[in-house]
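# Inside the fold
Each chain, written out:
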Amino acid sequence: MVERELGRPFPEDPQEQLWGAIGAVFGSWMVPRAITYRNIHDISADWGTAVNIQSMVFGNMGDNSATGVAFTRDAATGEDIFNGEYLINAQGEDVVAGIRTPQQITKEGSLRWAKLAHVSEEERASKYPSLEEAMPELYKELDAVQQKLEDHYRDMQDLEFTIQDGKLWLLQTRNGKRTGAAMVKIAMDMLKQGIIDEKEALLRQEPNKLDELLHPVFKKEAMAGAKVLAKGLPASPGAATGQVIFFADEANKYPNSLLVRIETSPEDLEGMNIANGILTARGGMTSHAAVVARGMGKCCVSGAGSIKIDYKTRTMVMDGKTIKEGDWISLNGSTGEVYEGKIETIDPELSGDFGKLMELSDKYARMYVRTNADTPHDSKVARDFGAKGIGLTRTEHMFFEGEKIIAMREMILAEDEAGRREALEKLLPIQRKDFEGIFEAMHDLPVTVRLLDPPLHEFVPHDEKGQQEMAEVMGVDVSVIKQKVEDLSEFNPMLGHRGCRLGNTYPEITEMQTRAILEAALNLKQKGVNAHPEIMIPLTGTLAEMKMQEEIVRATADKLFEERGDKIDYLVGTMIEIPRAALTADQIAQSAEFFSFGTNDLTQMTFGYSRDDAGKFLPIYIEKGILKHDPFEVLDQEGVGQLVEMAVKKGQQTRPDIKLGICGEHGGEPSSVEFCHCAGLHYVSCSPYRVPIARLAAAQAALR
Ligand code: PEP
Ligand code: MG
């Protein structure tokens, strides 16, 4: 085999063998597997690798020799138990290569293994004895060494050993890789055991790994014999099991449904929310299904290209097997695997060690964490995860459901201001109710509500049926609606009639939204619930734009307070998401009481990469090394970061107590959170399920 790989006979000269081996190690740095590994773990390719040359001992010198791998604590659960595997008369590779069944090091581990593998006690003791039983003296020595190593390195060790002719040799030791659960438990146990202090317990955590702990997982025992039928992208983590439905509006058909679609669209939102999980045949990590599912904290596997879905017959074929509507399947959104049948899941345990870790994080963090949430449910989830307020409520998300979209469309399609005002009258009570729900869920905490932001054509019907419906509602001919929809279309909607440009051209929209926000707050005040609204103007680029919006908000508020004979404290501020706003932040701060960095748009406009089209070239740019990361995921500190830092300085020059936060997607990404800390922001805001990650990242930033 080696000869075949080399294309020539295996060298007999030891020097040549040695040089060949050295070359193989250096050569391994650029193999695809190593490249993938580096990408996942964010290791730079220019580090290169090193070679140590070391004489070896032999574990295959007879039955008095052995080799094994051991962990000083359980790498899966974090339990403080010595464990591992070994083989008699074998070399290191034999243990990992799976040619022979490795045996357990401790007797306790061996008994547990036999139970899971259905091996009788007699067979276990004779064929698979533990090292503890087979070589008791050497086991004792190994046990003492593992304790010594862990005490020395003050972390869980992954060690390799060889026994050569009755003598124990340690080959290597290193800090062991571990699951998210083990990461938390080991650090918190070591803190209790006095091995490490609080700061070290915090700094040892990998924030992104907490994600594993925040979602349901499959029950270990339920996984025995589980069969993978397809594989897609791990779009949104966690495990889910349910009965297949193919149409989102039928999500209530079963108490536990699982939505399967070729791809999803905004109309599927409600069904996606009801279903236990989502599986799509098409779409990547940023597809509608993936993005929405992550926001909901719902398990999702996207782009499982091998499954064939037939909506007509309500069936799908996976790996040659036909699955009908109502059949059970299970998804692992952390690996992208799709399983046949029902696999029981368990909910995450967020108290105990996890709770203590979060408390510790808050003790050391300087920044606090808010959440991006548009519903009372999401607000509550985030609050339970420790969010100290809402940093962004995207009001447009409230307009999509049921009756609301009709009133919204009426407003957009209206002929003139009078028509718009009439439609806005219908929207007012709906918005007010939505805000009451959110303020109540977030009582006593600040809530930043952003006024309408997206281009209006996103709300109007583009299909025949929808246009017909609107024509009937508005009592006009369908051709009028068609024409209006056409008029609204833009060449570059992201740079078009959106953000504060809407509120400045149609002030009545800002008036209605301001009224809805403040009326909701006043209504709650009467019920004894404290609301702290912060009204946020989107897409500001100049002071004049901001000032005009501020004036409308304040005039509306004054009028309302007079009408009601009551008032409430509120703030008016802006998103900083246009480069010009960052450059002139000193001026904008004359009017804005707070800045929230909208780094999604700020990245889009600083790079000139369209958020909607970047998927076509960003993956290639990353592969070719033109970009190190997707700048929409990891904040570009060098470029976009400069604008953030500049805006902070300039904003504080004008208004020293200006409130500063971030609400772009970067607010939940650990390296970006660290940047925000250094830039002097007061808080970060992220999706509910990233709140704990951001809390930990904020603490680490402060400690570093
Ligand atoms: C942003 O641009 O960063 C932001 C939070 O707003 P949106 O994503 O809604 O444009
Ligand atoms: Mg934006």
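Everything here concerns the structure above.
Residues numbered from 1 in each chain as written. Chains lettered and ligands numbered in written order. Predicted model: local features only at pLDDT ≥ 70, side-chain atom pairs only at ≥ 80, totals over all residues. Heavy atoms only, no water.

### Describing the overall build of the chain
As a reminder of what qualifies: Helix and strand labels come from DSSP, where a helix needs a run of H or I of at least four residues and a strand needs a run of E of at least two; each type is numbered from the N terminus. Method for areas: the Shrake-Rupley scheme with a 1.4 Å probe, in which residue coverage is limited to the protein chains shown.
Of the regular secondary structure elements, the chain holds 28 helices and 26 strands. Overall, the C-alpha framework of the chain stretches about 95 × 65 × 55 Å when taken along its three principal axes. Entry remark: accessible area of the chain is about 33800 Å², with carbon and sulfur atoms responsible for 52%.

### Notes on the environment of Glu121
Defined as follows: Note on exposure labels: buried denotes an accessible area under 20% of the residue type's maximum, exposed denotes more than 50%, and partly exposed covers the range between, all computed with a 1.4 Å probe on protein chains only. Counting of polar contacts relies on pairs of N or O atoms within 3.5 Å, with two restrictions inside protein: one atom must be capable of donating a hydrogen and the other of accepting it, and residues adjacent in sequence are counted only when both atoms are side-chain atoms.
For Glu121, the position within the fold is in helix 6 (residues 121-127). Judged by its relative accessible area of 43%, Glu121 falls in the partly exposed class. Along the primary structure Glu121 and Arg695 are separated by 574 residues, whereas in three dimensions their C-alpha atoms are 48 Å apart. A polar contact is formed between the side chain of Glu121 and the side chain of Arg124, at a distance of 2.8 Å.

### Remarks on the coordination of the magnesium ion (ligand 2)
Our working rule: Metal coordination here is assigned from N, O and S atoms located within 2.8 Å of the ion, or within 3.2 Å for Na, K and Ca; omission of water means that sites may look incomplete.
Around the magnesium ion (ligand 2), the protein supplies Glu577 (OE) and Asp601 (OD) as donor atoms, at distances of 2.0 to 2.1 Å. With Glu577 in the loop between strand 23 (571-576) and helix 22 (579-583) and Asp601 in helix 24 (residues 599-607), the pair connects residues that are 24 residues apart, well separated along the chain. Assessed through its relative accessible area of 1%, Glu577 is described here as buried. Residue Asp601 is classed as buried on the basis of its relative accessible area, which comes to 2%.

### Some remarks on the site of ligand 1
The criterion, for reference: To be near a molecule or strand, a residue needs just one of its heavy atoms within 4 Å of it. The classification used treats Ala, Val, Leu, Ile, Met, Phe, Trp, Tyr, Cys and Pro as nonpolar, Asp, Glu, Lys and Arg as charged, and all other residues, Gly among them, as polar.
Ligand 1 sits among 14 residues. The nearest are Arg394, Arg450, Gly598, Asn600 and Arg611. Within the backbone of Gly598, one N or O atom sits 3.3 Å away from an oxygen atom of ligand 1. Taking Asp601, its main chain carries an N or O atom lying 2.9 Å from an oxygen atom of ligand 1. Burial of ligand 1 by the protein amounts to 95% of the accessible area it has alone, namely 290 Å². No other element matches helix 24, which puts three residues into the shell around ligand 1. Per-class residue counts for the shell around ligand 1 are three nonpolar, four polar and seven charged.

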